[in-house]
Amino acid sequence: MALRTARNLAYCLNSIRNYSTNGPLVNVTVNEKSGFATVTLQNPPVNSMNLELLTEISHTLQQLEKNKCRGLILTSASNKVFSAGIDIFELHKPNSDRISQTWSFVQEIWIRLYGSAYPTVAVINGHATAGGCLLTLASEYRIMLNKFTIGLNETQVGLTPPTWLIDAMKNTIGGKQTEFALTAGTLFETEEALKIGLVDEVAQSKHDAIEKAEKFLNKFKRIPPHARSITKAKLRGANIQAV
Amino acid sequence: MALRTARNLAYCLNSIRNYSTNGPLVNVTVNEKSGFATVTLQNPPVNSMNLELLTEISHTLQQLEKNKCRGLILTSASNKVFSAGIDIFELHKPNSDRISQTWSFVQEIWIRLYGSAYPTVAVINGHATAGGCLLTLASEYRIMLNKFTIGLNETQVGLTPPTWLIDAMKNTIGGKQTEFALTAGTLFETEEALKIGLVDEVAQSKHDAIEKAEKFLNKFKRIPPHARSITKAKLRGANIQAV
Amino acid sequence: MALRTARNLAYCLNSIRNYSTNGPLVNVTVNEKSGFATVTLQNPPVNSMNLELLTEISHTLQQLEKNKCRGLILTSASNKVFSAGIDIFELHKPNSDRISQTWSFVQEIWIRLYGSAYPTVAVINGHATAGGCLLTLASEYRIMLNKFTIGLNETQVGLTPPTWLIDAMKNTIGGKQTEFALTAGTLFETEEALKIGLVDEVAQSKHDAIEKAEKFLNKFKRIPPHARSITKAKLRGANIQAV
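Heads up: these notes are all about the structure in this document.

Calculation notes
Residues numbered from 1 in each chain as written. Chains lettered and ligands numbered in written order. Predicted model: local features only at pLDDT ≥ 70, side-chain atom pairs only at ≥ 80, totals over all residues. Heavy atoms only, no water. Least-squares fit on C-alpha atoms with pLDDT ≥ 70 in both. Contact = heavy atoms within 4.5 Å. Buried area = accessible area lost by both parts, 1.4 Å probe. Salt bridge = Lys/Arg side-chain N within 4 Å of Asp/Glu carboxyl O. Polar contact = N/O pair within 3.5 Å; in protein donor to acceptor, adjacent residues only side chain to side chain. Helix = DSSP H or I, 4+ residues; strand = E, 2+ residues; numbered from the N terminus. Nonpolar A, V, L, I, M, F, W, Y, C, P; charged D, E, K, R; others polar. Buried < 20%, exposed > 50% of the residue type's maximum accessible area, 1.4 Å probe, protein only. Pairing = 2+ DSSP bridges. 1 Å grid on protein atoms, 1.4 Å probe; cavity = no way out; pocket = protein on both sides within 12 Å on 5 of 7 lines; lining within 4 Å. Points joined across faces, edges and corners; volume = space filled by probe spheres on them. Axes fitted to C-alpha atoms, helices over the stretch in contact; angles between N-to-C directions. Patch = residues over 30% accessible without salt bridge, like charges linked within 9 Å, V, L, I, M, F, W, Y side chains within 5 Å. Areas by Shrake-Rupley, 256 points an atom, 1.4 Å probe, with all protein chains shown as cover. Bend = angle between axes of the 7 residues up to and from the residue. Phe/Tyr/Trp six-rings, centres within 6.5 Å; stacked < 30°, edge-to-face > 60°. Lys NZ or Arg CZ within 6 Å of the ring centre and 35° of its normal.

## Quick notes on the relation of the copies chain C and chain A
Step number 1: Structural alignment of chain C on chain A gives an RMSD of 0.0 Å, achieved by rotating through 120 degrees and translating 0.0 Å along the axis. Taken together, these values place the two copies in the relation of a three-fold axis. Relative to the rotation axis, the closest C-alpha in chain C is found at Gly-174 of chain C, a distance of 4.3 Å.

## Regarding the interface of chain C and chain B
Step number 1: With 21 residues of chain C in contact, the opposing surface of chain B contributes 18 residues.
Step number 2: Three residues, Asn-171, Lys-234 and Leu-235 of chain C, lead the burial of chain C against chain B; their summed loss comes to 40% of the area buried on that side.
Step number 3: Our count for the chain C to chain B interface comes out at two salt bridges.
Step number 4: A salt bridge links Asp-200 of chain C to Lys-176 of chain B; the nearest nitrogen and oxygen atoms lie 2.8 Å apart.
Step number 5: At the surface where chain C touches chain B, the tally comes to eight residue pairs in polar contact (both at pLDDT 80 or more).
Step number 6: Every element with two or more residues in the side of chain C that touches chain B is listed here: strand E8 (141-145), helix H7 (163-173) and helix H11 (225-241) of chain C.
Step number 7: For the side of chain C that touches chain B, the leading source of residues is H11 of chain C, giving eight residues.
Step number 8: For the side of chain C that touches chain B, a count of residues per class yields ten nonpolar, four polar and seven charged.

## A look at the pairing of strand E8 (residues 141-145) of chain B
Residues and elements named next belong to chain B.
Step number 1: For E8, a buried count of five out of five residues is recorded, marking the element as mostly surrounded by other parts of the structure.
Step number 2: Alternating positions in E8 separate into two faces, Tyr-141, Ile-143 and Leu-145 on one and Arg-142 and Met-144 on the other, with burial throughout.
Step number 3: Note: strand E6 (residues 120-124) against E8, four bridges, orientation parallel. Looking across to E8, one finds that Ala-122 is bridged to Arg-142.
Step number 4: Pairing of E8 with strand E11 (residues 201-203), which is carried by three bridges, proceeds in the parallel orientation. The partner of Ile-143 across the bridge, within E11, is Glu-201.

## Examining the layout of surface pockets
Residue and element names in this part refer to chain C.
Step number 1: Counted as a void, the second largest pocket has a volume near 530 Å³.
Step number 2: Lys-68, Cys-69, Arg-70, Tyr-118 and Pro-119 are, among the 25 residues lining the second largest pocket, the residues nearest its centre.
Step number 3: Broken down by secondary-structure element, the contributors of at least two residues to the lining of the second largest pocket are helix H3 (51-66), helix H10 (206-218) and H11.
Step number 4: Tallying contributions element by element places H11 first for the lining of the second largest pocket, with four residues.
Step number 5: Of the residues that constitute the lining of the second largest pocket, the class distribution is ten nonpolar, seven polar and eight charged.

## What about the sheet that holds strand E9 (residues 149-151) of chain B?
For sheets, the rule is that strands pair by backbone hydrogen bonds, running either parallel or antiparallel.
All names here are of chain B.
Step number 1: A sheet is described by the order of its strands in space; here four strands give the open sequence E5-E7-E9-E10, paired in mixed fashion. Each edge of the sheet is formed by a strand with only one pairing partner; in this case those strands are strand E5 (81-83) and strand E10 (188-189).
Step number 2: Sheet analysis places E5 next to strand E7 (residues 127-129), joined by two bridges and oriented parallel. Residue pairing across strands places Ser-83 opposite Ala-128, the latter belonging to E7.
Step number 3: Along the sheet face, helix H6 (residues 131-138) touches E5, E7 and E9 and points at about 95 degrees away from the line of E7.

## Quick word on unusual backbone geometry
Most peptide bonds take the trans configuration, and most residues that are not glycine carry a negative phi.
Step number 1: For the bond from Pro-44 of chain A to Pro-45 of chain A, the omega torsion is 0 degrees, close enough to zero to count as cis.
Step number 2: Inspection of the secondary structure assignment puts Pro-45 of chain A in the loop between strand E3 (36-41) and helix H2 (51-66).
Step number 3: Phi is positive for Asn-47 of chain C, which is not a glycine, with a value near 50 degrees.
Step number 4: Mapped onto the elements, Asn-47 of chain C comes out in the loop between strand E3 (36-41) and H3.

## Here's the deal with a nonpolar patch on the surface
Residue and element names in this part refer to chain A.
Step number 1: Together, Ile-88, Phe-89, Val-157 and Leu-159 line one region of the surface with nonpolar side chains, adding up to about 390 Å² of accessible area.
Step number 2: For Val-157, the position within the fold is in the loop between strand E9 (149-151) and helix H6 (163-173).
Step number 3: Take Val-157: its relative accessible area is 58%, and that puts it in the exposed class.

## Some points on H11 of chain C
Step number 1: The largest bend along H11 of chain C reaches roughly 50 degrees and is located at Leu-235 of chain C.
Step number 2: Of all the positions in H11 of chain C, only Ala-227, Arg-228, Thr-231, Lys-232, Leu-235, Arg-236, Gly-237 and Asn-239 of chain C are classed as buried.
Step number 3: Buried residues belonging to H11 of chain C abut helix H7 (163-173) and helix H8 (175-184) of chain B together with helix H5 (96-114), strand E6 (120-124), helix H6 (131-138) and H7 of chain C.

## Some words on helix H10 (residues 225-241) of chain A
Step number 1: Buried within H10 of chain A we find Ala-227, Arg-228, Thr-231, Lys-232, Leu-235, Arg-236 and Asn-239 of chain A.
Step number 2: Buried positions along H10 of chain A lie against helix H4 (96-114), strand E6 (120-124), helix H5 (131-138) and H6 of chain A together with H7 and helix H8 (175-184) of chain C.

## Description of the interface of chain C and chain A
Step number 1: Listed per partner, the contact involves 18 residues of chain C and 21 residues of chain A.
Step number 2: Of the roughly 1,600 Å² buried between chain C and chain A on both sides combined, carbon and sulfur atoms contribute 59%.
Step number 3: Contact with chain A buries area across many residues of chain C, yet Lys-176, Glu-179 and Thr-183 of chain C alone supply 39% of it, more than any other trio.
Step number 4: Taken together, chain C and chain A are joined by two salt bridges.

## Remarks on the side chain of Asn-171 of chain A
Step number 1: The topology assignment puts Asn-171 of chain A in helix H6.
Step number 2: Exposure remark for Asn-171 of chain A: the relative accessible area of 18% places this residue in the buried category.
Step number 3: Within the structure, Asn-171 of chain A has its side chain in polar contact with the side chain of Glu-179 of chain C (distance 3.2 Å).
Step number 4: Ignoring any residue separated from it by four or fewer positions in sequence, one finds Asn-171 of chain A in contact with Tyr-114 of chain A together with Lys-170, Gly-175, Lys-176 and Glu-179 of chain C.

## Comments concerning the sheet that holds strand E5 (residues 81-83) of chain A
Residue and element names in this part refer to chain A.
Step number 1: The mixed open sheet is built from four strands, whose spatial order is E5-E7-E9-E10. Looking along the sheet, the strands with just one partner apiece sit at the ends: E5 and strand E10 (188-189).
Step number 2: Relative to E10, E9 runs antiparallel, the two sharing two bridges. Considered in E10, the bridge of Ile-150 is made with Phe-188.

## A short note on the packing of aromatic side chains
Step number 1: Applying the stated criterion to the full structure yields 21 aromatic pairs over all chains.
Step number 2: Ring geometry for Tyr-141 of chain C and Phe-216 of chain C: centres 4.2 Å apart, planes at 10 degrees, overall stacked. You can see Tyr-141 of chain C sitting in strand E8 and its partner Phe-216 of chain C sitting in helix H10, a full 75 residues away along the chain.
Step number 3: For Tyr-141 of chain C, a relative accessible area of 11% translates into the label buried.
Step number 4: Each residue in the set Trp-103, Trp-110, Tyr-114 and Trp-164 of chain A is aromatic and connected to the rest through ring pairs, giving one cluster.
Step number 5: Residue placement shows Arg-228 of chain B over the ring face of Phe-220 of chain B; its charged tip is 4.5 Å from the ring centre.

## What to know about the pairing of strand E2 (residues 26-30) of chain C
Step number 1: Taken across its five residues, E2 of chain C has four buried, putting it largely inside the fold.
Step number 2: Between E2 of chain C and E3 of chain C, which pair antiparallel and follow one another directly, the connecting turn spans five residues, one of which, Gly-35 of chain C, has a positive phi of 80 degrees.

## Overview of the pattern of salt bridges
Step number 1: Counting across every chain of the model gives 30 salt bridges over all chains.
Step number 2: Glu-140 of chain A is paired through a salt bridge with Arg-228 of chain A; the nearest N and O atoms lie 2.6 Å apart. Of the two residues, Glu-140 of chain A is situated in the loop between H5 and strand E8 (141-145) and Arg-228 of chain A in helix H10; the sequence distance between them amounts to 88 residues. Arg-228 of chain A matches Glu-140 of chain A in its accessibility class, with the two residues each being buried.
Step number 3: Across the pair Arg-98 of chain B and Glu-52 of chain B runs a salt bridge whose closest N-O atoms are separated by 3.1 Å. Note that Arg-98 of chain B is positioned in helix H5 (residues 96-114) and Glu-52 of chain B in helix H3 (residues 51-66), a separation of 46 residues in sequence.
Step number 4: Each of Glu-52, Glu-90 and Arg-98 of chain A takes part in one network of salt bridges that share partners.

As structure tokens, this is what we get:
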């Protein structure tokens, strides 16, 4: 996987046309004109984050860093589910190695995505629950299609989100809304999510969402990347230290 | 008092009918169907928090913890004043033991109520000033009747709220509104309080407010209490450590 | 300069009529009735914060403290620019003494203004960019005239704001809006700034703005200054410690 992704991303800054590969679980396409990478999760049916998908996401983010991409659009191949979160079977398996590996990857992905030097947008074209919502909170901007749900519903199944994720949600929607959302494990419909600020924009279709995502990323076209990434590190650093 | 309260609360989870006692300063009623306790402050005329009332509130919260109640509705027997806060005479008395005892109880009540495992609602059926507002900020949800005022007006009388209370207000209404409110010691009318988020809902009558409070508490009916209380501890823990 | 300012401010509490001097870079007028000082920056054409202006601002704030003024209105003599921020030539000069002196003054001004005992208002009667915006964020209340821009646009020129300034912006407009604003170095038009809470009120003219500023300061007329300043220190202290 690492090799395949590396090859894709070599095109990030210097390819002469759009490039696309269909990998097993994560597809990466780079627009050679803009330098924006579209990372599509494709682990049917619900992009369950098992160890294999987590490994591929982690390697993809590493390659994006190395290749100094100019922006990331994170989305799903499914038209129903963005991601249903961490595969519950990974956490229930008797093999404790797999459990600790799973959790290590979740933390590493958080640190890489939440702290990425390049700007990031989640195009939420399906339900984004638990770990799926985590991926969107790690992004800088969230664009969601209508009639889906989003939220950290951990308490509903007897679990509790990590403190660093709670703090990122507080940063996004404020303290009180975070308390309401997390103690009840609320899943918000698109319009409610927009209202409380859990998503930033609503799109009518995936195509519309991708256009809006590129518009967001284009805001940074003339910002010196070094200044942008240091500023982002100052904004999000404390939360990354806490992981 | 402790004994009486304990007896009341034994009914919290296993009573076969509603139970009610009229104690001297705090009345506790448990709805056997829902498991929700209604705690009514009854220290006329303004529910002044003297050492006696504070002692009763503290013991009540201890009993609620022990009896694993499913939810708390905190309200006033008066139809004009929720609570006017700490009895100023306790703080002005030459007896320094009483002053330090008073303040210890306020801190203890904050820790128990703000950090309670069970969900909490304040039904604000009268003015809630200073320590009265503190009790509502310690709750998870605030429902207020029209034409009353709420706020931490300490600076108006030459005092200043403790840092942990300031932080809880920031968490509720944000940094800027907290600065405006606390430097001026502002008392907000119901509609203003709703607008800045100091209260969450407005009710037309106490009956209406109690119904709304039960609706809020019912949100948690199917949430595993253990996951809920750990999540709440993660959300509010730092603020409790700081007391 | 110090002497001149000291002489002005001696009138702060006990002068019998309005007093005004025209100094080289900072003009101070004290309204003897209200006790409010109006501090006007007058370093044409854009109130560039070079070492000389910074020195005068710092001394002015010291004198205001000493003379226990009742309130500060900070504004510009220009009708186009509030302040364009730190003079970029100070930061590019080969003389490192001047660079470190400049930065020391910026920090000292932040500590004095952000942490001032007396209430403060910025009357933003022109563009307020970078260090200009910093002065307004250090104030307690922001009143802005139409058709100007405000913001921390450091990243646009390859720089990055200090963490304590980022935290003050978070406190003012919340975490998410701060991320959007700072990673893109956004300059907000008056109406947008009002919408996200970066300014608190819009005025139709400088005269209108001054009236609104006095109205804000008058809110504190009957608040014991000691309680107000301790409360403010509790609200803003952590951010000052971090400088």
